[in-house]
There are 2 protein chains.
Amino acid sequence: MEISALQKARYQYQPKLPGILSGKIEEIALSLGEAAKSIADDTALADLFKHTYGKPIASFVKGKNNKISRPLTAGVILSGGQAPGGHNVIAGLYDGLKKGNSASKLLGFLGGPSGLVEDKCLEFTDAIIDDYRNTGGFDIIGSGRTKIETPEQFAASLETAKKRNLDAVVIIGGDDSNTNAALLAEYFTAQGSSVQVIGCPKTIDGDLKNEYIEASFGFDTAAKTYSELIGNIERDAASARKYWHFIKLMGRSASHITLECALQCRPNVCLVSEEVETKKLSMDQIVEQICSSIVRRAANKNNFGVVLVPEGLIEFVPEMKKLIKELNDLMADHSDEISKITNFIDQVYWMDRHLSIESSTLFKTLPPEIARQLLADRDPHGNVQVSRIETERLLIGMVEKKLKELKNAGDYNGKFSPLAHFFGYEGRCAFPSNFDADYCYSLGFTAFVLIASGLTGYISSVRNLTASADKWIPGGIPLTMMMNMERRHGSSKPVIKKALVELDGKPFKTFAGEREKWSVETCYHFPGAIQYYGPPEVCDQPTKTLVLEHS
Amino acid sequence: MEISALQKARYQYQPKLPGILSGKIEEIALSLGEAAKSIADDTALADLFKHTYGKPIASFVKGKNNKISRPLTAGVILSGGQAPGGHNVIAGLYDGLKKGNSASKLLGFLGGPSGLVEDKCLEFTDAIIDDYRNTGGFDIIGSGRTKIETPEQFAASLETAKKRNLDAVVIIGGDDSNTNAALLAEYFTAQGSSVQVIGCPKTIDGDLKNEYIEASFGFDTAAKTYSELIGNIERDAASARKYWHFIKLMGRSASHITLECALQCRPNVCLVSEEVETKKLSMDQIVEQICSSIVRRAANKNNFGVVLVPEGLIEFVPEMKKLIKELNDLMADHSDEISKITNFIDQVYWMDRHLSIESSTLFKTLPPEIARQLLADRDPHGNVQVSRIETERLLIGMVEKKLKELKNAGDYNGKFSPLAHFFGYEGRCAFPSNFDADYCYSLGFTAFVLIASGLTGYISSVRNLTASADKWIPGGIPLTMMMNMERRHGSSKPVIKKALVELDGKPFKTFAGEREKWSVETCYHFPGAIQYYGPPEVCDQPTKTLVLEHS
């Protein structure tokens with residue numbers, strides 16, 4: 001395998017571990033706290049998780065651990081979208097297992113959770129692991145989005161675990177995958193099996209976090225990669241002085257990524273979906289907010305700027321949410337009829353006749369390409385694929401229209417040349433930052449200690465992340481502790497609560513305190529490319545979000 | 001000014017200089033070679049450049065230079081699109097001037113060549129320069145695309161130069177701007193003025209190069225930034241295993257950027273405009289080439305891949321060139337009539353009736369959004385804005401159609417989920433790589449020595465760039481030496497010859513020797529983010545293009 005110079009150099013990087021994990025392995029002793037409760041709905045959850053609810057929080061202390069050197073066999077699964085550092089979770093888990101007992105084995109299930117259901121796996125060796133240390137991507141075993149939910153899938157998973165003599169399964173994933181891990185842990189125990197299940201908090205979206213999970217891995221690297229690009233574009237905007245760049249950023253429903261990039265780069269405008277929802281902002285109000293910056297900057301002869309747009313925005317605009325729901329319902333109820341209309345114009349007319357007056361009015365004001373996307377791009381269930389809607393272009397179209405009105409009214413006298421960007425795939429598989437490389441390795445190593453300690457239904461937790469790695473605090477949190485009951489597809493389900501941006505949290509409040517200035521002045525900040533070597537203030541800083549949340 | 005940690009750290013970076021320039025300033029002596037000839041059309045050029053043609057190549061040797069310590073006043077202009085390192089050219093020039101004599105002054109003309117014409121400038125101080133060392137962007141004085149071409153503009157430029165007591169003007173720009181520098185040098189001399197003009201080779205496109213200019217600055221950083229992103233996307237593609245990414249890359253007519261990125265990242269398909277033109281490939285043939293990779297990869301269950309597309313591609317496809325020319329002519333000849341047709345469908349019908357049969361057939365096979373772009377996005381002269389055409393989406397549309405045919409014929413049985421990207425603004429203002437930081441600083445310092453040596457009509461040249469910086473060879477090349485006569489807007493003009501990708505050059509031949517393998521197998525290479533600190537094999541490598549051209 002011929003590799004790049006950076007990849008070769010990164011192989012040599014030794015990720016840092018929390019102090020307690022870097023000493024002698026047989027001196028990492030388990031300390032259990034009091035029985036933990038879920039964040040809400042404890043009766044319902046205690047009932048659903050009869051065998052795994054109410055477990056204590058686990059932490060590690062210096063002491064004697066007799067169990068840690070047993071030979072173990074574990075399996076690991078990568079679940080859902082890529083996030084930088086996944087390979088290091090596996091490396092940390094592998095190194096921990098081997099440090100505990102060189103006869104221990106780690107299997108990798110291929111292509112996500114379906115690898116466990118269908119018993120498709122490989123056994124890791126030093127050679128395989130060494131090829132992936134400190135690299136981005138999930139290509140070591142691939143990932144997948146299969147959910148283990150049918151009785152057959154649960155049974156098949158247990159079958160595989162037995163056949164492979166597994167002591168434990170580690171599931172690396174986001175909120176959904178960790179909910180799935182909790183269900184699997186409960187199922188295994190209920191079936192009298194001793195196979196343990198441990199989760200690991202992964203997602204660039206940053207929406208899997210709470211008191212015990214300070215950050216999901218990958219968020220740091222992805223946000224820094226996007227910030228590099230946004231900073232470069234800002235510097236280009238300030239040099240060329242003639243373009244308004246509208247930049248949509250990945251991150252699903254949550255705006256954590258977008259907010260972090262705003263804190264890093266200080267754009268002129270940054271939309272935050274959670275604020276749009278709370279304040280019930282209409283598309284018109286959002287467009288007015290952007291135009292206000294454009295108009296005031298034009299008055300200072302600054303006909304350039306940068307606008308950040310979170311991927312999930314339009315789902316949070318009440319009127320758009322209503323329109324999308326109506327479109328979904330119409331498509332479901334009249335699919336035969338609609339499928340016969342092949343012409344876009346006729347589709348628009350048909351929708352116009354069937355939508356509510358409010359939705360129809362909104363639909364007709366959308367740029368034609370966006371209207372087409374709303375009608376054309378449907379998922380296998382016939383629903384509009386919101387993530388495929390080019391919100392950045394939608395906003396450009398609506399802003400252009402609004403500026404024309406303002407110009408006619410004599411309230412705007414600038415030039416508006418917009419450019420659209422979308423960043424997502426550029427950051428999900430970057431070489432993990434030193435922070436993510438260390439954090440992921442620690443999460444994997446911690447997962448090993450949780451397994452060796454005989455725990456199940458826990459998520460690997462490493463806290464105190466704004467301190468240096470040796471001061472990080474590893475441990476385990478019962479997955480059910482992070483859960484509540486939510487309505488999903490018409491019924492009440494146990495789920496790990498998604499962490500959206502909190503408007504009274506420090507990251508948002510810091511941004512809100514600065515944005516008025518940023519919207520008129522040019523306050524750009526250029527973070528540059530992620531550095532793996534060099535001064536620690538450049539290479540080893542956590543995200544601003546994390547620092548603010550802990551200040 | 002609050003700045004990022006990397007920017008702060010980069011301020012401390014001391015760019016490396018060629019050995020001859022890093023010693024005592026009064027020991028840098030000028031050595032002149034034989035009178036140089038232009039690459040072609042020497043009679044015509046000698047006639048056009050009566051006062052500046054036939055000058056000798058200049059090099060520097062250790063000796064005695066009595067003129068170098070005179071107090072000098074120079075002006076500098078940033079011309080055209082941004083390229084990483086522009087600020088370092090200015091810093092090198094400033095430091096050189098001050099090292100020669102602390103009373104020397106450097107003025108920066110604002111907003112490009114128009115700053116000279118309109119006498120808009122600032123005087124650089126240590127404080128200003130220090131704020132911009134080793135940073136990206138052209139925001140220190142801004143850039144512009146004004147060409148100095150009318151007699152009034154030439155006269156005004158001389159007026160400003162006299163008023164400001166300039167000894168010299170340094171123009172930092174691409175082939176056009178350096179052609180302009182040659183004309184200005186000739187004009188000043190012809191007018192009996194002693195004001196000198198020196199050019200500097202800038203452009204991320206990499207198309208200003210020849211025997212004496214081994215690379216234009218900015219190419220290194222821009223290509224490495226795009227390669228970082230392409231590598232990340234490749235790793236994502238190989239992990240998710242479900243998307244084909246079509247990535248268009250900036251670079252104007254030349255495919256140097258795209259070719260360098262292919263050599264860095266080994267994508268499945270990389271189109272090269274110069275090959276398309278030489279082999280007279282049709283859109284159909286290009287689409288077939290892409291589909292061939294898709295079909296063969298699908299047979300191995302690899303329904304993912306990466307395709308690189310140079311920005312200028314469609315201008316090199318003979319049939320597209322013809323269509324664009326016909327559209328431009330129709331728009332020019334019937335502008336009134338066309339402007340009355342506001343409806344896209346009716347515009348298409350009208351064009352269909354007026355285009356030649358070949359062009360009309362092609363036009364109708366284009367995806368509607370592309371047809372709309374061809375009709376809607378015109379420059380101030382009414383011409384189609386080729387750079388605005390989303391070639392990556394055009395190709396996706398045509399590939400989808402072709403794959404449907406192949407599927408119906410039973411020749412393809414894969415899944416095709418395409419995603420489109422365009423990278424350009426992300427790389428033009430990145431922090432310059434160590435290579436560009438050193439190269440630009442050396443170019444600026446060299447420009448100072450050329451000025452101090454009394455030369456005019458020269459371009460700053462630093463050669464032997466694949467060696468370590470201390471072995472680089474600085475000097476000056478008469479601008480007219482790189483020129484020939486070309487037809488522009490119907491008349492014969494003196495221009496610096498644009499360097500396109502040479503199909504018998506080593507970079508292309510190396511790519512051509514590998515691409516068959518890359519198109520079927522997954523040979524991705526992940527360069528990662530530009531590193532400024534760390535091992536030299538990671539931080540201080542020139543581009544593969546440069547290394548291959550010098551091997």
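Residues numbered from 1 in each chain as written. Chains lettered and ligands numbered in written order. Predicted model: local features only at pLDDT ≥ 70, side-chain atom pairs only at ≥ 80, totals over all residues. Heavy atoms only, no water.

Enquirer: Teacher, can you tell me more about the relation of the copies chain B and chain A here?
Expert: Superposition record for chain B on chain A: RMSD 0.0 Å, screw rotation 180 degrees, translation along axis 0.0 Å. The operation mapping one copy onto its partner corresponds to a two-fold rotation axis. A share of 100% of interface residues in chain B that are also interface residues in chain A marks the association as one of identical surfaces. (Least-squares fit on C-alpha atoms with pLDDT ≥ 70 in both. Contact = heavy atoms within 4.5 Å.)

Enquirer: Teacher, can you tell me more about the pattern of salt bridges here?
Expert: Any two side chains of opposite charge can pair, given that their charged atoms come close. Scanning the model with the defined rule gives 63 salt bridges over all chains in all. The partner of lysine 224 of chain A in a salt bridge is aspartate 220 of chain A, and the shortest N-O contact between them spans 2.9 Å. One end of the pair is lysine 224 of chain A and the other is aspartate 220 of chain A, both in helix α9 (residues 219-240) and 4 residues apart, which spans about a single turn. Taken individually, lysine 224 of chain A and aspartate 220 of chain A each receive the classification buried, so the pair is uniform in this respect. Measuring nitrogen to oxygen at the nearest pair gives 3.7 Å for the salt bridge that ties lysine 37 of chain B to aspartate 42 of chain B. (Salt bridge = Lys/Arg side-chain N within 4 Å of Asp/Glu carboxyl O. Helix = DSSP H or I, 4+ residues; strand = E, 2+ residues; numbered from the N terminus. Buried < 20%, exposed > 50% of the residue type's maximum accessible area, 1.4 Å probe, protein only.)

Enquirer: Can you help me understand the nonpolar core in this one?
Expert: Grouped burial of nonpolar side chains is what soluble globular proteins tend to show. Judged by nonpolar contacts, the single largest core of 190 residues is most densely connected at Ile90, Tyr226 and Phe448 of chain A together with Ile90, Tyr226 and Phe448 of chain B. When residues no more than four places from it in sequence are discounted, the contact partners of tyrosine 226 of chain A are Ile204, Leu249, Met250, Ile257, Cys261, Phe423, Gly424, Glu426, Gly427 and Arg428 of chain A. (Core = buried A, V, L, I, M, F, W, Y, C linked by side-chain atoms within 4.5 Å.)

Enquirer: I keep staring at unusual backbone geometry and nothing clicks. Help me out?
Expert: Backbone geometry follows two general trends: most residues other than glycine have a negative phi, and most peptide bonds adopt the trans configuration. Notably, asparagine 165 of chain A is not glycine yet its phi reads approximately 55 degrees, a positive angle. With respect to the helices and strands, asparagine 165 of chain A occurs in the loop between α7 (151-163) and β6 (168-173). For asparagine 165 of chain A, a relative accessible area of 57% puts it in the exposed group. Its identity is not glycine, yet arginine 252 of chain B carries a phi of approximately 55 degrees, on the positive side. One can find arginine 252 of chain B in the loop between β8 (244-249) and α10 (256-265).

Enquirer: What exactly am I supposed to notice about the interface of chain B and chain A here?
Expert: Accessible area lost when the parts come together is the quantity often used to give the size of an interface. Counting residues at the interface gives 60 residues for chain B and 60 residues for chain A. Buried surface at the junction of chain B and chain A, summed over both partners, amounts to about 4,600 Å²; 50% is from carbon and sulfur atoms. Linking chain B with chain A are 10 salt bridges. Here aspartate 236 of chain A ties to arginine 428 of chain B by a salt bridge, and the two come within 2.8 Å at their closest N and O atoms. Scanning the region where chain B abuts chain A turns up 32 residue pairs in polar contact (both at pLDDT 80 or more). Broken down by secondary-structure element, the contributors of at least two residues to the side of chain B that touches chain A are α1 (5-11), α9 (219-240), α18 (368-376), β11 (418-423) and α22 (536-539) of chain B. Counting residues per element, the side of chain B that touches chain A draws most heavily on α9 of chain B, which supplies 10 residues. Here the side of chain B that touches chain A is built from residues that sort into 26 nonpolar, 18 polar and 16 charged. (Buried area = accessible area lost by both parts, 1.4 Å probe. Polar contact = N/O pair within 3.5 Å; in protein donor to acceptor, adjacent residues only side chain to side chain. Nonpolar A, V, L, I, M, F, W, Y, C, P; charged D, E, K, R; others polar.)

Enquirer: What am I meant to see in the packing of aromatic side chains here?
Expert: Here the distance between the centres and the angle between the planes together describe a pair of aromatic rings. Residues and elements named next belong to chain A. Taken as a whole and assessed by the stated rule, the structure comprises 20 aromatic pairs over all chains. Relative to tyrosine 439, the ring of phenylalanine 435 lies with its centre 5.7 Å away and its plane at 40 degrees, an arrangement referred to as tilted. With phenylalanine 435 and tyrosine 439 both in helix α20 (residues 434-452) and 4 residues apart, this pair spans about one turn of that helix. We classify phenylalanine 435 as buried; its relative accessible area is 8%. Pairwise contacts between aromatic rings join Phe154, Tyr187 and Phe188 into one cluster. (Phe/Tyr/Trp six-rings, centres within 6.5 Å; stacked < 30°, edge-to-face > 60°.)

Enquirer: Quick question: what am I supposed to make of the sheet that holds strand β7 (residues 196-201) of chain A here?
Expert: Two orientations exist for strands paired in a sheet by backbone hydrogen bonds: parallel and antiparallel. All names here are of chain A. Pairing is mixed in the open sheet, where 9 strands are placed in the order β1-β2-β13-β12-β7-β6-β3-β4-β5. Each end of this open sheet is capped by a strand with a single partner; those strands are β1 (28-35) and β5 (121-123). Direction aside, neighbouring strands of the sheet carry axes that sit 25 degrees apart on average. Summarising the sheet, strand β4 (residues 105-109) and β5 pair through 3 bridges and their orientation is antiparallel. (Pairing = 2+ DSSP bridges. Axes fitted to C-alpha atoms, helices over the stretch in contact; angles between N-to-C directions.)

Enquirer: Sorry, what's going on with the pairing of strand β10 (residues 305-310) of chain A here?
Expert: When a strand is regular, its side chains alternate between the sheet's two faces. Residue and element names in this part refer to chain A. The element β10 is largely enclosed, with a buried count of 6 among its 6 residues. Of the two faces of β10, the one carrying Gly305, Val307 and Val309 and the one carrying Val306, Leu308 and Pro310 are both buried. Across 6 bridges, strand β8 (residues 244-249) lies against β10 in parallel orientation. Bridge pairing in β10 links lysine 248 to valine 309. Where strand β9 (residues 269-270) lies against β10, 2 bridges are found, and the strand directions are parallel. Among the inter-strand pairings, cysteine 270 is bridged to a residue of β10, identified as leucine 308.

Enquirer: Could you clarify how one ought to interpret α9 of chain A in this entry?
Expert: Each full turn of the α-helix corresponds to 3.6 residues, which orients residues three or four apart in the same direction. Residue and element names in this part refer to chain A. Compared with an ideal rise of 1.5 Å per residue, which puts 22 residues at 32 Å, α9 spans 31 Å between its outermost C-alpha atoms and is within 8% of the ideal. Across the 22 residues that make up α9, a large majority, 21, are buried. Downstream of α9 by one or two residues, arginine 241 has phi in the positive range, about 55 degrees. (Expected span 1.5 Å × (residues − 1).)

Enquirer: Whenever I open this one, the environment of serine 360 of chain A confuses me. Can you help?
Expert: Residues and elements named next belong to chain A. Tracing the backbone shows serine 360 in helix α17 (residues 357-365). For the pair formed by serine 360 and valine 348, sequence separation is 12 residues and the distance between their alpha carbons is 9.6 Å. Aside from chain neighbours lying at most four places away, what touches serine 360 is Asp352 and Leu355.

Enquirer: Help me understand empty space enclosed by the protein, please; the structure alone is not making it clear to me.
Expert: To find the voids left in a structure, one rolls a probe of water-molecule size over its atoms. Applying the stated criterion across every chain, the model contains 6 cavities of 30 Å³ or more. The space that makes up the largest cavity amounts to roughly 60 Å³. Around the largest cavity sit Gly206, Lys209, Glu214, Ala215, Ser216, Phe219, Thr543, Thr545, Leu546 and Glu549 of chain A, which together line it. Residues that form the lining of the largest cavity fall into these classes: 3 nonpolar, 4 polar and 3 charged. Its volume calculated, the second largest cavity comes out at about 50 Å³. Lining the second largest cavity are Gly206, Lys209, Glu214, Ala215, Ser216, Phe219, Thr543, Thr545, Leu546 and Glu549 of chain B. Broken down by element, the lining of the second largest cavity gets its largest block of residues, 3 residues, from helix α23 (residues 544-549) of chain B. Classifying every residue of the lining of the second largest cavity by side-chain character gives 3 nonpolar, 4 polar and 3 charged. (1 Å grid on protein atoms, 1.4 Å probe; cavity = no way out; pocket = protein on both sides within 12 Å on 5 of 7 lines; lining within 4 Å. Points joined across faces, edges and corners; volume = space filled by probe spheres on them.)

Enquirer: Please explain the environment of valine 287 of chain A as it appears in this structure.
Expert: All names here are of chain A. Among the structural elements, valine 287 can be located in helix α12 (residues 283-299). Relative accessible area serves as the criterion here: at 2%, valine 287 is assigned to the buried category. Counting along the chain gives 114 residues from valine 287 to lysine 401, while the straight-line C-alpha distance between them is 9.8 Å. Those residues in contact with valine 287, other than ones at most four positions away along the chain, are Leu395, Met398, Val399 and Lys402.

Enquirer: Which parts of the structure should I look at to understand the packing of helix α14 (residues 318-333) of chain A against α17 of chain A?
Expert: Each pair of packed helices gets described by two things: the angle between the helix axes and the distance between those axes. Residues and elements named next belong to chain A. It is at 9 Å that the axes of α14 and α17 come closest, and there the two elements cross at 100 degrees. Our classification of the angle between α14 and α17 gives roughly perpendicular. In contact with Glu319, Met320, Lys322, Leu323 and Glu326 of α14, α17 contributes Glu358, Ser359, Leu362 and Phe363. Classifying every residue of the contact of α14 with α17 gives 4 nonpolar, 1 polar and 4 charged. (Parallel < 35°, antiparallel > 145°, perpendicular 65-115°, else oblique.)

Enquirer: Help me understand the sheet that holds strand β5 (residues 121-123) of chain B in this model?
Expert: Residues and elements named next belong to chain B. Taken in spatial order, the 9 strands line up as β1-β2-β13-β12-β7-β6-β3-β4-β5 in an open sheet, and their pairing is mixed. Of all strands in the sheet, those bounded by a partner on one side alone are β1 (28-35) and β5. Taking each pair of neighbouring strands and ignoring which way they run, the sheet shows an average axis angle of 25 degrees. Across 6 bridges, strand β12 (residues 458-463) lies against strand β13 (residues 473-478) in antiparallel orientation. Following the sheet pairing, serine 461 is matched in β13 by glycine 475. Across the sheet, helix α20 (residues 434-452) is in contact with β1, β2 (56-62), β3 (73-78), β6 (168-173), β7 (196-201), β12 and β13; its angle to β12 comes to roughly 135 degrees.

Enquirer: What should I look at first to understand the environment of cysteine 291 of chain B in this one?
Expert: All names here are of chain B. Structurally, the position occupied by cysteine 291 is in helix α12 (residues 283-299). Assessed through its relative accessible area of 2%, cysteine 291 is described here as buried. Ignoring any residue separated from it by four or fewer positions in sequence, one finds cysteine 291 in contact with Val399, Lys402, Leu403 and Leu406.

Enquirer: Teacher, can you tell me more about the side chain of serine 227 of chain A here?
Expert: Residues and elements named next belong to chain A. Summarising the element assignment, serine 227 is placed in helix α9. In this structure serine 227 comes out as buried when scored by relative accessible area, which is 1%. Every residue in contact with serine 227, bar those within four places of it in the chain, is listed here: Cys261, Gln264, Cys265 and Pro527.

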